[in-house]
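The chain contents come next:
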Amino acid sequence: IKKRDDVEKENSVIDQDTAKALVSFAQGSQFRRAAMHMMAWSLTNEERTQVRQAFIDLDKDRSGAITLQEFKDVLQSKFHLDHEQAQHAFLALDANHHNEIHYSEFLAAMVSSRIQMHDDLLQATFKRFDIHGTGFITEENLKEVLKETDFAPEEVEAMMKDVG
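Residues numbered from 1 in each chain as written. Predicted model: local features only at pLDDT ≥ 70, side-chain atom pairs only at ≥ 80, totals over all residues. Heavy atoms only, no water.

Caption draft 1: Broad picture of the overall build of the protein. Each helix and strand counted, the protein has 10 helices and 2 strands in total. In sequence order, the protein lays out its α and β elements as α-α-α-α-β-α-α-β-α-α-α-α. The buried share among the 164 residues of the protein stands at 42%. The long-range fraction of contacts in the protein, counting pairs at least 24 apart against all pairs at least 6 apart in sequence, stands at 65%. Accessible surface computed for the protein: about 9,300 Å², of which carbon and sulfur atoms make up 50%. (Helix = DSSP H or I, 4+ residues; strand = E, 2+ residues; numbered from the N terminus. Buried < 20%, exposed > 50% of the residue type's maximum accessible area, 1.4 Å probe, protein only. Contact = heavy atoms within 4.5 Å. Areas by Shrake-Rupley, 256 points an atom, 1.4 Å probe, with all protein chains shown as cover.)

So, in structure tokens, the structure goes:
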């Protein structure tokens, strides 16, 4: 297993597009990031597989989460992002504020650029927000859905202002 792990580390799939996706995600509004999180829950196994190896490459200690140090090491060494850019991207990805990026958070960042959007994915995400099945997403729907996630009440309010 160790030998296979060493080979995988040498064949890293973290590329410029992955780095751009991570930074771009960080620059989006809070609501956009929340929508990408909801979309990530609607991905098929095949879609998740498309970016799985990139997550594993960032998770150097194989703990199942990416620490700030792991994140910065890769982005600074491979893509010459400065400390501030890397930290800003990390904080945006760390939606639950546990000082690590979990796979679902990483998937949310990849949804917008590395995974092909399609009607089924968009419809499944819409249905997650349209909790009463009315065909519309109301402010109350958004508040209810977002409060069930790891977003703090003040973050939900900020998102409502983004949308409003």
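So that's the structure; there's more coming.
Caption draft 2: Main features of the nonpolar core. Leu22, Phe71 and Phe106 are the most contacted members of the largest nonpolar core, which has 33 residues in total. When residues of this core are traced back to their parent elements, those giving at least two are helix H2 (16-27), helix H3 (30-40), helix H4 (45-58), helix H5 (68-79), helix H6 (83-93) and helix H7 (103-111). When sequence neighbours within four positions are dropped, the list of residues in contact with leucine 22 reads Leu58, Phe71, Ala89, Leu93, Phe106, Ala109 and Met110. Counting residues in each nonpolar core, the second largest holds 11 residues, with Val145, Val156, Met159 and Met160 among its members. (Core = buried A, V, L, I, M, F, W, Y, C linked by side-chain atoms within 4.5 Å.)

Caption draft 3: Quick look at the packing of aromatic side chains. This structure, assessed with the given rule, holds 4 aromatic pairs. Between the aromatic rings of phenylalanine 31 and phenylalanine 129, the centroid separation amounts to 6.2 Å while the plane-to-plane angle is 45 degrees, which identifies the pairing as tilted. Residue phenylalanine 31 is located in helix H3, and its partner phenylalanine 129 is located in helix H8 (residues 119-129); the two are separated by 98 residues in the primary sequence. The exposure class assigned to phenylalanine 31 is partly exposed, which follows from its relative accessible area of 22%. (Phe/Tyr/Trp six-rings, centres within 6.5 Å; stacked < 30°, edge-to-face > 60°.)

Caption draft 4: Structural detail: H5. Spanning 12 residues, H5 covers 16 Å between terminal C-alpha atoms, matching the ideal 16 Å at 1.5 Å per step. The complete set of buried residues in H5 reads Glu70, Phe71, Lys72, Val74, Leu75 and Phe79. Contact partners of the buried residues in H5: H2, H4, strand E1 (65-67), H6 and strand E2 (100-102). Remark: histidine 80 follows H5 within two positions and exhibits a positive phi of approximately 55 degrees. (Expected span 1.5 Å × (residues − 1).)

Caption draft 5: Looking closely at the side chain of asparagine 141. Secondary-structure assignment places asparagine 141 in helix H9 (residues 139-147). For asparagine 141, a relative accessible area of 2% puts it in the buried group. A distance of 3.0 Å separates a polar atom in the side chain of asparagine 141 from the backbone nitrogen of threonine 138. In this structure asparagine 141 touches Phe129, Asp130, Ile131, His132 and Phe136, once residues within four positions along its chain are discounted. (Polar contact = N/O pair within 3.5 Å; in protein donor to acceptor, adjacent residues only side chain to side chain.)

Caption draft 6: Structural view of the packing of H3 against helix H10 (residues 153-163). Between H3 and H10, the shortest axis-to-axis distance is 8 Å and the interhelical angle comes to 105 degrees. One finds that H3 runs roughly perpendicular with respect to H10. Between H3, through Gln30, Phe31 and Ala34, and H10, the contact on the second element is made entirely by Glu155, Ala158, Met159, Asp162 and Val163. Per-class residue counts for the contact of H3 with H10 are 5 nonpolar, 1 polar and 2 charged. (Axes fitted to C-alpha atoms, helices over the stretch in contact; angles between N-to-C directions. Parallel < 35°, antiparallel > 145°, perpendicular 65-115°, else oblique. Nonpolar A, V, L, I, M, F, W, Y, C, P; charged D, E, K, R; others polar.)

Caption draft 7: Geometry of unusual backbone geometry. In this model, arginine 62 sits at a positive phi of 55 degrees, which is unusual for a non-glycine residue. Relative accessible area serves as the criterion here: at 27%, arginine 62 is assigned to the partly exposed category. Although it is not a glycine, histidine 80 sits at a positive phi angle of roughly 55 degrees. In this structure, histidine 80 sits in the loop between H5 and H6. We classify histidine 80 as exposed; its relative accessible area is 67%.

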